[in-house]
Amino acid sequence: MTPEWFFRTFTDVDLGSSNGEAIFAREKAHADDFDANCKQLSKFNLYDPLALLAATPGANELAYHPEVLAGARGDVNVISKNSTKDTTFMKDVLAGLAIEGLNPLMPRKSRTQTAPGYPPRQQVNEADALWSKPLETYAPPEYTAAVVFKHEGQWADPPNVLDVKRTFLTKTLAGDVAVGLDEQGRPLNPLGRTGLRGRGLLGRWGRNQAGDPLLTRVHPEMGRLQLLVIERKDSGQKALPGGMVDEGEEIAATVARELSEETGARVSFEGATTIFTGVVDDPRNTDNAWMETTVLHKHLTDAEQRQTTLQVGDDARAVSWINVDQQLLASMYASHGDYVRLALARLQQDPALEPLVLELLK
Ligand code: RP5
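So, here's what we can say about the structure. Since we're looking at a predicted model, the values are computed, not measured.

1. Overview of the site of the ligand
Right, on to step 1. Around the ligand, a shell composed of Ala210, Asp212, Arg232, Gly242, Gly243, Met244, Val280, Asp282, Arg284, Met291, Asp315 and His336 is seen.
Right, on to step 2. Residue aspartate 212 places a side-chain N or O atom 2.6 Å away from an oxygen atom belonging to the ligand.
Right, on to step 3. In this structure, an oxygen atom belonging to the ligand sits 2.7 Å away from a side-chain N or O atom of arginine 284.
Right, on to step 4. Surface burial for the ligand is 92%, taken as the share of its 360 Å² of free accessible area covered by protein chains.
Right, on to step 5. If you list the elements that add at least two residues to the shell around the ligand, you get β5 (206–218) and β8 (243–244).
Right, on to step 6. Here the residues of the shell around the ligand sort into four nonpolar, three polar and five charged.

2. Here we look at the pattern of salt bridges
Right, on to step 1. Taken as a whole, this structure holds 15 salt bridges when the rule is applied.
Right, on to step 2. Here lysine 171 and aspartate 176 are joined by a salt bridge, their closest N and O atoms 3.2 Å apart.
Right, on to step 3. By relative accessible area, which is 24% here, lysine 171 ends up partly exposed.
Right, on to step 4. Note that aspartate 176 is salt-bridged to arginine 207, the shortest N-O span being 3.2 Å.

3. Comments concerning the environment of arginine 266
Right, on to step 1. Within the secondary structure layout, arginine 266 lies in the loop between α10 (251–263) and β9 (273–279).
Right, on to step 2. For arginine 266 and glutamine 307, which are 41 residues apart along the polypeptide, the C-alpha to C-alpha distance reads 8.7 Å.

4. Considerations on the side chain of glutamine 122
Right, on to step 1. The topology assignment puts glutamine 122 in the loop between α8 (109–112) and β1 (142–144).
Right, on to step 2. A distance of 3.0 Å separates a polar side-chain atom of glutamine 122 from the backbone oxygen of threonine 137.
Right, on to step 3. In this structure the side chain of glutamine 122 is engaged in a polar contact, spanning 2.8 Å, whose partner is the backbone nitrogen of alanine 139.

5. With respect to the pairing of β5
Right, on to step 1. With twelve of 13 residues buried, β5 lies mostly within the body of the structure.
Right, on to step 2. Where β5 and strand β10 (residues 289–299) come together, eleven bridges link them in parallel fashion. Across the sheet, glycine 206 pairs through a bridge with alanine 289, a residue of β10.
Right, on to step 3. Two strands pair when backbone bridges link them, and β5 and β8 are joined in this way by two bridges, in the antiparallel orientation.

6. Points about α10
Each α-helix winds once per 3.6 residues, and so residues spaced three or four apart point in a common direction.
Right, on to step 1. Taking 1.5 Å of rise per residue, the 13 residues of α10 would be expected to cover 18 Å, and the 18 Å separating its terminal C-alpha atoms lies within 8% of that figure.
Right, on to step 2. Of the residues making up α10, those classed as buried are Ala252, Thr254, Val255, Arg257, Glu258, Leu259, Glu262 and Thr263.
Right, on to step 3. Where α10 is buried, its residues contact β5, β6 (225–232), β8, β10 and β11 (316–323).

7. A closer look at the environment of aspartate 315
Right, on to step 1. Among the secondary structure elements, aspartate 315 is positioned in the loop between α11 (302–306) and β11.
Right, on to step 2. Given a relative accessible area of 48%, aspartate 315 falls into the partly exposed group.
Right, on to step 3. In sequence terms aspartate 315 and isoleucine 230 are 85 residues apart; their C-alpha atoms lie 8.9 Å from each other.
Right, on to step 4. Once residues within four sequence positions are removed from consideration, aspartate 315 is found in contact with Glu231, Arg232, Lys233 and Glu262.

8. Digging into the nonpolar core
The nonpolar side chains of soluble globular proteins are, as a tendency, buried together.
Right, on to step 1. Ranked by size, the top nonpolar core spans 45 residues in total, and within it Leu227, Phe269, Val340 and Leu344 carry the most contacts.
Right, on to step 2. For this core, the element with the most residues is helix α13 (residues 336–347), which contributes six residues.
Right, on to step 3. Discounting chain neighbours no more than four positions away, the residues touching valine 340 are Leu214, Leu227, Leu240, Val324, Leu329 and Met332.
Right, on to step 4. If you look at the next biggest cluster of nonpolar residues, it comprises eight residues, including Val164, Phe168, Leu191 and Trp205.

Conventions used here
- Residues numbered from 1 in each chain as written.
- Predicted model: local features only at pLDDT ≥ 70, side-chain atom pairs only at ≥ 80, totals over all residues.
- Heavy atoms only, no water.
- Near = heavy atom within 4 Å.
- Polar contact = N/O pair within 3.5 Å; in protein donor to acceptor, adjacent residues only side chain to side chain.
- Areas by Shrake-Rupley, 256 points an atom, 1.4 Å probe, with all protein chains shown as cover.
- Helix = DSSP H or I, 4+ residues; strand = E, 2+ residues; numbered from the N terminus.
- Nonpolar A, V, L, I, M, F, W, Y, C, P; charged D, E, K, R; others polar.
- Salt bridge = Lys/Arg side-chain N within 4 Å of Asp/Glu carboxyl O.
- Buried < 20%, exposed > 50% of the residue type's maximum accessible area, 1.4 Å probe, protein only.
- Pairing = 2+ DSSP bridges.
- Expected span 1.5 Å × (residues − 1).
- Contact = heavy atoms within 4.5 Å.
- Core = buried A, V, L, I, M, F, W, Y, C linked by side-chain atoms within 4.5 Å.

Take a look at the structure:
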């Protein structure tokens, strides 16, 4: 990491221009620049698991919400000796570096995939995705499914966004924060441009809230770590048996209700561990409507799993306990594979389960 790399990564200044060179020279002249201080960063480096976790799509919002995420490009941050001692600041810097460095390798599903009936998206490079970056060529198609207009006043908002009487929010670990609006007052997806305007198949402008049950167990005879999955009717992909939060419903109640509707399993999620809360990288997402979820994890004991019987229902085509392996994690719907990885990291803390987790991640 040279000062030049750092500068290119965090600013939109064109280093090739004479102005750019002058700005770079000025920033580099600071006595306490990054290059001088990085030797002291013995406790933090790019392989810091926290930084890598933060670089995983979706997961960054679980670990913590790095401030550098929002409008990361802008002024150069001069890292002084004192700031290297500030753990929170350094975590944000390293997460920012990891996100910037690794993101182009992980195209988001909400920019590259669509759901049935959707028109093709305008192609958006990851580097152009943030709203803070002007993109003159951006003129995506507009699409809202007929079924959404048909259900106005039930699960869908009015077609005119100005008739919606609520503030548009997104969930972060720090709580709910307001999202940006476009010139027509439509909420803007916090993950950036998706190549499609309108609401697609999603009823609400802005966030559409879901809850997801993440149930794991050790198979009683085979001794393998397993996950409860459904096969979705829309895409045929393996997925967590989640669904939409009803008006005023507590998340633990949503998760238990959806689990029972889709899989027949009856499990209480009071006191379960929250694995993730925030925007889902869902192929239905658009610039103006997106999925958010809270994932609750429960690892069933032998006694609990013996009482759990399965029966497929609702949006699911099939339901089953399935061995967790890399192939499953890579092919699950939306960000669900990432959530399972986070649950595995949690299970790994238990000495009895650690060998099983290590085995399946080989
Ligand atoms: C995903 O969509 C969520 O994680 C949740 O699993 C699901 C909710 O939507 P439906 O299954 O109700 O369509 O983004």
